[in-house]
Amino acid sequence: MTHAMLKGSNVPLDATAVRAVLRWTPGADVPDVDASALLVGPEGRVRSDEDFVFYNQPRHPSGLVRHLPKAPVDESLAETIEADLADLDPSIDRVVLAASSDGGAFAGVADLRVLLYDAAAGDGEPIAVFDVVPETGDETALICGELYRRAESWKFRALGQGYESGLTGLATEFGISVEGDDDAAGGDAAAGEEAKAPAAAAAPEAPSASDATTAVSPSPRREPAGTDAVTPPPSTWPEGASGPGAAADAQTYPASDPEAVTQHVADAMPEPFSAAPLPPPGAPPQAPAAAPTGGGYGYPSHVPPPPTQPPAQPAYGYPGPPPQYVPQQPPPPAYGYPQQPPPPAPAYGYPTQQYPAPDPSFVLPPQGPQFQRR
(Lines give C-alpha, C1' and ligand atoms only; values in the text may rest on other atoms or scores of the structure.)
Protein backbone atom coordinates (compact mmCIF):
# COMPACT_ATOMS: atom_id res chain seq x y z
CA MET A 1 0.00 0.00 0.00
CA THR A 2 1.33 3.40 -1.02
CA HIS A 3 0.93 6.32 1.38
CA ALA A 4 0.23 9.70 -0.24
CA MET A 5 2.11 12.02 2.07
CA LEU A 6 1.18 15.58 2.99
CA LYS A 7 3.62 18.18 4.24
CA GLY A 8 4.45 17.42 7.88
CA SER A 9 2.99 13.91 7.91
CA ASN A 10 4.98 10.76 8.75
CA VAL A 11 4.74 7.04 8.14
CA PRO A 12 6.45 4.12 9.94
CA LEU A 13 8.89 1.97 8.00
CA ASP A 14 9.10 -1.78 8.26
CA ALA A 15 11.95 -1.95 5.76
CA THR A 16 15.56 -2.00 7.02
CA ALA A 17 16.93 -0.69 3.70
CA VAL A 18 15.14 1.98 1.64
CA ARG A 19 15.61 3.72 -1.70
CA ALA A 20 14.48 7.36 -2.02
CA VAL A 21 13.94 8.39 -5.67
CA LEU A 22 13.74 12.08 -6.60
CA ARG A 23 11.85 12.55 -9.92
CA TRP A 24 10.97 15.57 -12.09
CA THR A 25 10.09 16.36 -15.68
CA PRO A 26 13.05 17.80 -17.65
CA GLY A 27 12.81 20.46 -20.36
CA ALA A 28 14.70 23.10 -22.32
CA ASP A 29 14.27 25.83 -19.69
CA VAL A 30 13.99 23.53 -16.66
CA PRO A 31 16.82 23.83 -14.09
CA ASP A 32 18.93 20.77 -13.40
CA VAL A 33 18.09 19.02 -10.10
CA ASP A 34 20.49 17.09 -7.84
CA ALA A 35 19.67 14.88 -4.85
CA SER A 36 21.77 14.70 -1.66
CA ALA A 37 21.65 13.24 1.86
CA LEU A 38 22.99 14.47 5.22
CA LEU A 39 23.60 12.12 8.16
CA VAL A 40 22.67 14.22 11.19
CA GLY A 41 23.15 13.61 14.92
CA PRO A 42 20.73 14.38 17.77
CA GLU A 43 22.01 17.97 17.97
CA GLY A 44 20.95 18.64 14.36
CA ARG A 45 24.45 18.80 12.82
CA VAL A 46 26.69 16.40 10.94
CA ARG A 47 29.62 14.80 12.74
CA SER A 48 32.04 15.72 9.92
CA ASP A 49 32.02 16.66 6.23
CA GLU A 50 32.04 12.94 5.37
CA ASP A 51 28.40 12.77 6.51
CA PHE A 52 27.36 14.76 3.40
CA VAL A 53 26.58 12.43 0.47
CA PHE A 54 26.07 14.15 -2.92
CA TYR A 55 27.33 14.12 -6.51
CA ASN A 56 30.93 14.99 -5.56
CA GLN A 57 30.97 12.52 -2.65
CA PRO A 58 28.61 9.76 -3.75
CA ARG A 59 29.40 7.22 -1.02
CA HIS A 60 29.54 7.51 2.76
CA PRO A 61 32.70 6.03 4.34
CA SER A 62 30.57 3.37 6.02
CA GLY A 63 29.09 2.37 2.64
CA LEU A 64 25.58 2.43 4.13
CA VAL A 65 24.38 5.60 2.33
CA ARG A 66 24.96 5.95 -1.42
CA HIS A 67 24.15 8.49 -4.17
CA LEU A 68 23.26 7.08 -7.61
CA PRO A 69 23.65 9.19 -10.76
CA LYS A 70 20.80 10.50 -12.90
CA ALA A 71 18.80 8.02 -14.92
CA PRO A 72 15.76 8.45 -17.21
CA VAL A 73 12.50 6.92 -15.98
CA ASP A 74 9.74 7.02 -18.64
CA GLU A 75 9.47 10.74 -19.46
CA SER A 76 11.17 11.86 -16.23
CA LEU A 77 14.67 12.12 -14.79
CA ALA A 78 15.51 10.59 -11.44
CA GLU A 79 18.31 10.59 -8.88
CA THR A 80 18.38 7.99 -6.09
CA ILE A 81 19.62 7.88 -2.49
CA GLU A 82 20.02 4.38 -0.97
CA ALA A 83 20.29 3.89 2.82
CA ASP A 84 20.76 0.75 4.96
CA LEU A 85 19.01 1.98 8.10
CA ALA A 86 19.48 -1.09 10.31
CA ASP A 87 23.30 -0.88 10.34
CA LEU A 88 23.71 2.88 10.71
CA ASP A 89 25.80 4.11 13.64
CA PRO A 90 23.69 4.87 16.75
CA SER A 91 25.09 8.43 16.78
CA ILE A 92 23.17 9.14 13.54
CA ASP A 93 19.67 10.30 14.44
CA ARG A 94 18.35 11.36 11.00
CA VAL A 95 19.06 11.01 7.29
CA VAL A 96 17.93 14.26 5.61
CA LEU A 97 16.88 13.90 1.94
CA ALA A 98 17.52 17.18 0.07
CA ALA A 99 17.36 18.53 -3.49
CA SER A 100 19.13 21.48 -5.14
CA SER A 101 18.57 23.22 -8.48
CA ASP A 102 21.13 24.65 -10.88
CA GLY A 103 20.20 27.24 -13.51
CA GLY A 104 17.09 28.59 -11.81
CA ALA A 105 14.76 28.29 -8.86
CA PHE A 106 12.39 25.41 -8.13
CA ALA A 107 9.50 27.45 -9.53
CA GLY A 108 10.68 26.27 -12.96
CA VAL A 109 10.82 22.55 -12.00
CA ALA A 110 7.67 20.60 -12.83
CA ASP A 111 6.33 17.40 -11.24
CA LEU A 112 8.93 17.26 -8.44
CA ARG A 113 8.21 14.33 -6.12
CA VAL A 114 9.88 11.83 -3.78
CA LEU A 115 9.08 8.11 -3.98
CA LEU A 116 10.22 5.88 -1.11
CA TYR A 117 10.79 2.16 -1.90
CA ASP A 118 11.71 -0.93 0.07
CA ALA A 119 15.17 -1.77 -1.30
CA ALA A 120 14.61 -5.49 -0.69
CA ALA A 121 11.37 -5.47 -2.75
CA GLY A 122 13.02 -4.12 -5.90
CA ASP A 123 10.93 -1.90 -8.21
CA GLY A 124 7.58 -2.85 -6.73
CA GLU A 125 4.97 -0.53 -5.34
CA PRO A 126 6.44 2.45 -3.39
CA ILE A 127 5.93 2.76 0.35
CA ALA A 128 5.20 6.50 0.22
CA VAL A 129 4.90 9.29 -2.35
CA PHE A 130 5.33 12.99 -1.56
CA ASP A 131 4.73 15.77 -4.12
CA VAL A 132 7.21 18.52 -3.22
CA VAL A 133 5.72 21.99 -3.78
CA PRO A 134 7.95 25.03 -3.00
CA GLU A 135 6.37 27.71 -0.86
CA THR A 136 7.63 30.84 -2.66
CA GLY A 137 9.13 29.43 -5.85
CA ASP A 138 12.44 31.28 -5.25
CA GLU A 139 14.00 28.35 -3.43
CA THR A 140 17.15 26.79 -4.95
CA ALA A 141 17.43 24.06 -2.29
CA LEU A 142 14.72 21.97 -0.59
CA ILE A 143 14.55 19.47 2.25
CA CYS A 144 12.14 17.00 0.71
CA GLY A 145 11.90 14.69 3.74
CA GLU A 146 13.83 12.85 6.39
CA LEU A 147 14.32 9.33 7.73
CA TYR A 148 14.46 9.47 11.53
CA ARG A 149 14.73 7.07 14.47
CA ARG A 150 11.91 6.30 16.88
CA ALA A 151 13.04 3.88 19.59
CA GLU A 152 14.20 0.78 17.68
CA SER A 153 12.39 1.61 14.42
CA TRP A 154 12.56 4.20 11.65
CA LYS A 155 10.00 6.61 10.18
CA PHE A 156 9.73 8.89 7.14
CA ARG A 157 8.49 12.49 7.46
CA ALA A 158 7.51 14.72 4.50
CA LEU A 159 8.86 18.27 4.91
CA GLY A 160 9.33 20.49 1.81
CA GLN A 161 11.38 23.19 3.62
CA GLY A 162 13.10 25.61 1.18
CA TYR A 163 16.35 27.63 1.08
CA GLU A 164 17.04 30.53 -1.30
CA SER A 165 20.83 30.21 -0.70
CA GLY A 166 21.05 26.93 -2.62
CA LEU A 167 22.99 23.80 -1.67
CA THR A 168 25.71 25.92 -0.01
CA GLY A 169 23.26 27.49 2.43
CA LEU A 170 21.60 24.15 3.15
CA ALA A 171 24.94 22.44 3.82
CA THR A 172 26.11 25.28 6.07
CA GLU A 173 22.88 25.02 8.06
CA PHE A 174 23.83 21.45 9.04
CA GLY A 175 27.48 22.22 9.90
CA ILE A 176 29.22 21.47 6.57
CA SER A 177 32.35 23.57 5.89
CA VAL A 178 31.95 24.99 2.37
CA GLU A 179 34.95 26.18 0.34
CA GLY A 180 35.21 28.21 -2.87
CA ASP A 181 32.57 30.02 -4.94
CA ASP A 182 31.26 30.14 -8.50
CA ASP A 183 34.05 32.40 -9.82
CA ALA A 184 36.79 30.26 -8.33
CA ALA A 185 35.23 27.10 -9.71
CA GLY A 186 34.87 28.65 -13.16
CA GLY A 187 38.48 29.88 -13.12
CA ASP A 188 39.82 26.45 -12.21
CA ALA A 189 37.79 24.83 -14.98
CA ALA A 190 39.13 27.27 -17.61
CA ALA A 191 42.74 26.85 -16.43
CA GLY A 192 42.49 23.07 -16.57
CA GLU A 193 41.06 22.58 -20.08
CA GLU A 194 44.40 21.30 -21.42
CA ALA A 195 44.87 18.96 -18.45
CA LYS A 196 41.45 17.30 -18.89
CA ALA A 197 42.17 15.69 -22.27
CA PRO A 198 45.11 13.37 -21.30
CA ALA A 199 43.46 12.41 -18.00
CA ALA A 200 39.99 11.68 -19.42
CA ALA A 201 40.66 7.95 -19.90
CA ALA A 202 41.76 7.30 -16.29
CA ALA A 203 39.66 9.91 -14.44
CA PRO A 204 36.06 9.19 -13.32
CA GLU A 205 33.14 10.83 -15.00
CA ALA A 206 33.33 14.60 -14.54
CA PRO A 207 30.39 16.32 -12.80
CA SER A 208 27.86 18.31 -14.78
CA ALA A 209 27.69 22.08 -15.00
CA SER A 210 25.89 22.19 -11.69
CA ASP A 211 28.92 20.62 -10.02
CA ALA A 212 30.86 23.88 -10.25
CA THR A 213 28.29 25.80 -8.27
CA THR A 214 29.24 24.24 -4.94
CA ALA A 215 32.59 22.97 -3.67
CA VAL A 216 32.06 21.27 -0.33
CA SER A 217 35.00 20.05 1.76
CA PRO A 218 36.47 17.52 1.56
CA SER A 219 35.33 16.23 -1.83
CA PRO A 220 35.33 18.92 -4.55
CA ARG A 221 36.72 17.41 -7.73
CA ARG A 222 38.88 20.15 -9.25
CA GLU A 223 40.95 19.75 -12.41
CA PRO A 224 44.67 20.56 -12.08
CA ALA A 225 45.95 23.76 -13.60
CA GLY A 226 47.38 23.72 -17.13
CA THR A 227 51.06 23.07 -17.76
CA ASP A 228 51.52 26.57 -19.23
CA ALA A 229 50.75 28.24 -15.91
CA VAL A 230 53.88 27.16 -14.08
CA THR A 231 55.06 29.20 -11.13
CA PRO A 232 58.85 29.01 -10.64
CA PRO A 233 60.06 28.19 -7.14
CA PRO A 234 61.43 31.05 -5.05
CA SER A 235 65.07 31.92 -5.75
CA THR A 236 67.67 30.89 -3.18
CA TRP A 237 70.26 33.49 -4.35
CA PRO A 238 70.58 36.60 -2.13
CA GLU A 239 69.81 38.94 -5.02
CA GLY A 240 66.61 36.99 -5.76
CA ALA A 241 65.31 36.81 -2.18
CA SER A 242 63.79 40.30 -2.24
CA GLY A 243 63.65 43.39 -4.40
CA PRO A 244 62.67 43.92 -8.02
CA GLY A 245 65.19 41.36 -9.27
CA ALA A 246 63.02 38.45 -8.10
CA ALA A 247 60.39 38.93 -10.81
CA ALA A 248 63.03 39.19 -13.53
CA ASP A 249 64.71 36.00 -12.43
CA ALA A 250 61.37 34.12 -12.41
CA GLN A 251 60.75 35.16 -16.04
CA THR A 252 64.28 34.52 -17.28
CA TYR A 253 64.71 31.07 -15.72
CA PRO A 254 61.36 29.25 -15.49
CA ALA A 255 61.30 26.12 -13.34
CA SER A 256 59.79 24.07 -16.17
CA ASP A 257 62.91 24.48 -18.40
CA PRO A 258 64.98 21.29 -17.94
CA GLU A 259 67.98 22.87 -19.68
CA ALA A 260 68.22 25.73 -17.21
CA VAL A 261 71.35 25.13 -15.12
CA THR A 262 72.56 27.36 -12.35
CA GLN A 263 76.22 28.34 -12.91
CA HIS A 264 78.46 28.46 -9.87
CA VAL A 265 81.69 30.49 -9.99
CA ALA A 266 84.64 28.65 -8.47
CA ASP A 267 86.43 30.25 -5.55
CA ALA A 268 89.66 32.08 -6.30
CA MET A 269 92.82 29.97 -5.84
CA PRO A 270 95.11 31.09 -2.99
CA GLU A 271 98.39 32.69 -3.96
CA PRO A 272 101.47 30.39 -3.77
CA PHE A 273 103.72 30.68 -0.73
CA SER A 274 106.82 32.82 -1.25
CA ALA A 275 109.58 32.79 1.35
CA ALA A 276 111.39 35.98 2.34
CA PRO A 277 114.68 36.54 0.48
CA LEU A 278 117.84 35.44 2.32
CA PRO A 279 120.29 38.18 3.39
CA PRO A 280 123.58 38.37 1.48
CA PRO A 281 126.67 36.68 3.01
CA GLY A 282 128.35 38.74 5.67
CA ALA A 283 125.39 40.96 6.41
CA PRO A 284 124.61 41.55 10.09
CA PRO A 285 121.70 39.54 11.43
CA GLN A 286 118.43 41.38 11.49
CA ALA A 287 116.20 41.49 14.52
CA PRO A 288 112.95 39.57 14.16
CA ALA A 289 109.94 41.64 13.24
CA ALA A 290 107.73 42.64 16.10
CA ALA A 291 104.48 40.75 16.41
CA PRO A 292 101.49 42.75 15.26
CA THR A 293 99.38 44.17 18.04
CA GLY A 294 96.06 43.55 16.26
CA GLY A 295 94.44 40.17 15.80
CA GLY A 296 95.01 38.13 12.66
CA TYR A 297 92.47 37.94 9.88
CA GLY A 298 89.24 36.60 11.29
CA TYR A 299 90.40 36.92 14.92
CA PRO A 300 89.53 39.75 17.34
CA SER A 301 92.20 42.21 18.38
CA HIS A 302 93.16 43.35 21.91
CA VAL A 303 93.01 39.83 23.30
CA PRO A 304 94.58 39.63 26.82
CA PRO A 305 97.61 37.31 27.19
CA PRO A 306 97.01 33.87 28.62
CA PRO A 307 97.52 33.46 32.40
CA THR A 308 100.93 32.42 33.66
CA GLN A 309 101.38 28.75 34.38
CA PRO A 310 102.66 27.59 37.82
CA PRO A 311 106.27 26.28 37.90
CA ALA A 312 106.65 22.67 37.07
CA GLN A 313 107.20 20.25 39.95
CA PRO A 314 110.65 18.58 40.15
CA ALA A 315 110.88 15.02 38.95
CA TYR A 316 111.10 12.17 41.41
CA GLY A 317 114.56 11.93 43.06
CA TYR A 318 115.61 15.52 42.31
CA PRO A 319 115.81 18.19 45.04
CA GLY A 320 113.25 20.88 44.95
CA PRO A 321 113.35 24.43 46.29
CA PRO A 322 114.07 24.68 50.06
CA PRO A 323 110.98 25.09 52.20
CA GLN A 324 110.39 28.50 53.70
CA TYR A 325 110.24 28.90 57.46
CA VAL A 326 106.81 29.99 58.63
CA PRO A 327 106.68 30.81 62.34
CA GLN A 328 103.77 29.27 64.16
CA GLN A 329 101.41 31.63 65.88
CA PRO A 330 99.81 30.68 69.20
CA PRO A 331 96.06 30.25 69.16
CA PRO A 332 94.04 33.31 70.21
CA PRO A 333 92.92 33.37 73.84
CA ALA A 334 89.39 32.41 74.73
CA TYR A 335 86.83 35.14 75.00
CA GLY A 336 87.03 36.88 78.42
CA TYR A 337 90.53 35.68 79.37
CA PRO A 338 93.66 37.91 79.31
CA GLN A 339 96.10 37.35 76.55
CA GLN A 340 99.43 35.83 77.61
CA PRO A 341 102.57 37.42 76.21
CA PRO A 342 104.36 35.24 73.72
CA PRO A 343 107.47 33.43 75.01
CA PRO A 344 110.83 34.86 74.00
CA ALA A 345 112.28 33.47 70.85
CA PRO A 346 115.17 31.08 71.48
CA ALA A 347 118.68 31.91 70.42
CA TYR A 348 119.82 30.68 67.10
CA GLY A 349 120.89 27.06 67.33
CA TYR A 350 119.36 26.33 70.76
CA PRO A 351 116.28 24.34 71.42
CA THR A 352 113.19 26.07 72.53
CA GLN A 353 112.66 23.70 75.55
CA GLN A 354 112.74 25.48 78.98
CA TYR A 355 114.52 23.77 81.88
CA PRO A 356 113.50 24.40 85.54
CA ALA A 357 115.82 26.30 87.91
CA PRO A 358 118.12 24.10 90.21
CA ASP A 359 116.84 23.31 93.68
CA PRO A 360 119.18 24.91 96.33
CA SER A 361 118.35 22.27 98.94
CA PHE A 362 119.46 19.41 96.72
CA VAL A 363 122.22 17.25 98.35
CA LEU A 364 124.01 14.39 96.71
CA PRO A 365 123.61 11.02 98.39
CA PRO A 366 126.54 9.46 100.31
CA GLN A 367 129.25 8.30 98.01
CA GLY A 368 131.32 5.12 98.27
CA PRO A 369 135.02 5.07 99.07
CA GLN A 370 135.88 4.89 95.44
CA PHE A 371 134.47 8.39 94.89
CA GLN A 372 135.95 10.05 98.03
CA ARG A 373 138.96 12.31 97.78
CA ARG A 374 142.16 11.15 99.43
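Residues numbered from 1 in each chain as written. Predicted model: local features only at pLDDT ≥ 70, side-chain atom pairs only at ≥ 80, totals over all residues. Heavy atoms only, no water.

Asks: Just give me the short version of the overall build of the chain, but keep the residues and values in it.
Replies: What the chain contains, in helices and strands, is 5 helices and 14 strands. For the chain, contacts bridging at least 24 residues in sequence account for 69% of all contacts bridging at least 6. Accessible area for the chain stands at about 26800 Å²; split by element, carbon and sulfur atoms hold 58% of it. (Helix = DSSP H or I, 4+ residues; strand = E, 2+ residues; numbered from the N terminus. Contact = heavy atoms within 4.5 Å. Areas by Shrake-Rupley, 256 points an atom, 1.4 Å probe, with all protein chains shown as cover.)

Asks: Could you give an account of the nonpolar core, with specific residues and numbers?
Replies: Counting 38 residues, the largest nonpolar core has Leu13, Leu88, Leu147 and Phe156 as the members making the most contacts within it. Listed in part, the 16 residues of the second largest apolar core include Leu38, Val40, Ala98 and Tyr163. (Core = buried A, V, L, I, M, F, W, Y, C linked by side-chain atoms within 4.5 Å. Buried < 20%, exposed > 50% of the residue type's maximum accessible area, 1.4 Å probe, protein only.)

Asks: Please set out the sheet that holds strand β2 (residues 10-13) residue by residue, giving values where relevant.
Replies: Strands sit in the order β2-β12-β11-β8-β4-β5 across an open sheet of 6 strands; the sheet is antiparallel. In the strand order of this sheet, the two ends are held by β2 and β5 (52-53), each with one partner. Judged from the 9 bridges that link them, strand β11 (residues 141-150) and strand β12 (residues 153-163) form a sheet pairing that is antiparallel. When the bridges of β12 are listed, Ala141 appears paired with Tyr163. In this fold helix α1 (residues 166-173) packs onto β4 (32-40), β5, β8 (94-102), β11 and β12, with an angle of close to 30 degrees to the strand it touches most, β11. (Pairing = 2+ DSSP bridges. Axes fitted to C-alpha atoms, helices over the stretch in contact; angles between N-to-C directions.)

Asks: Report on the packing of aromatic side chains, specifying residues and quantitative values.
Replies: Here the structure, examined in full by the defined rule, presents 2 aromatic pairs. Between Phe52 and Phe54 the ring centres are 4.5 Å apart and the planes differ by 10 degrees, which places this aromatic pair in the stacked class. An identical accessibility class is assigned to Phe52 and Phe54; each is buried. Ring geometry for Phe54 versus Tyr55: centroids 5.0 Å apart, planes at 65 degrees, classification edge-to-face. Note on accessibility: Phe54 and Tyr55 belong to one class, buried. Through a chain of ring-to-ring contacts, three or more aromatic side chains come together here, namely Phe52, Phe54 and Tyr55. The ring of Tyr148 carries Arg157 above its face, with NZ or CZ at 4.1 Å from the centroid. (Phe/Tyr/Trp six-rings, centres within 6.5 Å; stacked < 30°, edge-to-face > 60°. Lys NZ or Arg CZ within 6 Å of the ring centre and 35° of its normal.)

Asks: A description of the sheet that holds strand β1 (residues 3-5) should follow, citing residues and the corresponding values.
Replies: Strand order across the open sheet formed by 6 strands is β1-β10-β9-β3-β7-β6, with mixed pairing between neighbours. Two strands bound the open sheet, and with one partner strand each, they are β1 and β6 (65-73). The sheet shows a mean angle of 20 degrees between the axes of neighbouring strands, direction not considered. Pairing of strand β3 (residues 17-25) with strand β9 (residues 110-118), which is carried by 7 bridges, proceeds in the antiparallel orientation. Counterpart to Ala20 in the pairing with β9 is Leu116.

Asks: Quick one: what's the story with α1, residue by residue and with numbers?
Replies: Considered for burial, the residues of α1 that qualify are Gly166, Leu167, Gly169, Leu170 and Ala171. Looking at the buried residues of α1, the elements they touch are β4, β5, β8, β11, β12 and β13 (178-179).

Asks: Which residues make up the side chain of Ser101, and what values do they have?
Replies: Structurally, Ser101 is set in strand β8. The exposure class assigned to Ser101 is buried, which follows from its relative accessible area of 13%. Looking at Ser101, its side chain comes within polar contact range of the main-chain oxygen of Gly104, at 2.7 Å. (Polar contact = N/O pair within 3.5 Å; in protein donor to acceptor, adjacent residues only side chain to side chain.)

Asks: Go over the pairing of β4, please, and point to the residues and values.
Replies: Burial analysis of β4 places 8 of its 9 residues in the buried class, which makes it a mostly covered element. Sheet topology note: the β4/β5 ladder contains 2 bridges and is antiparallel. Each bridged residue has a counterpart across the sheet, and for Ala37 the counterpart in β5 is Val53.

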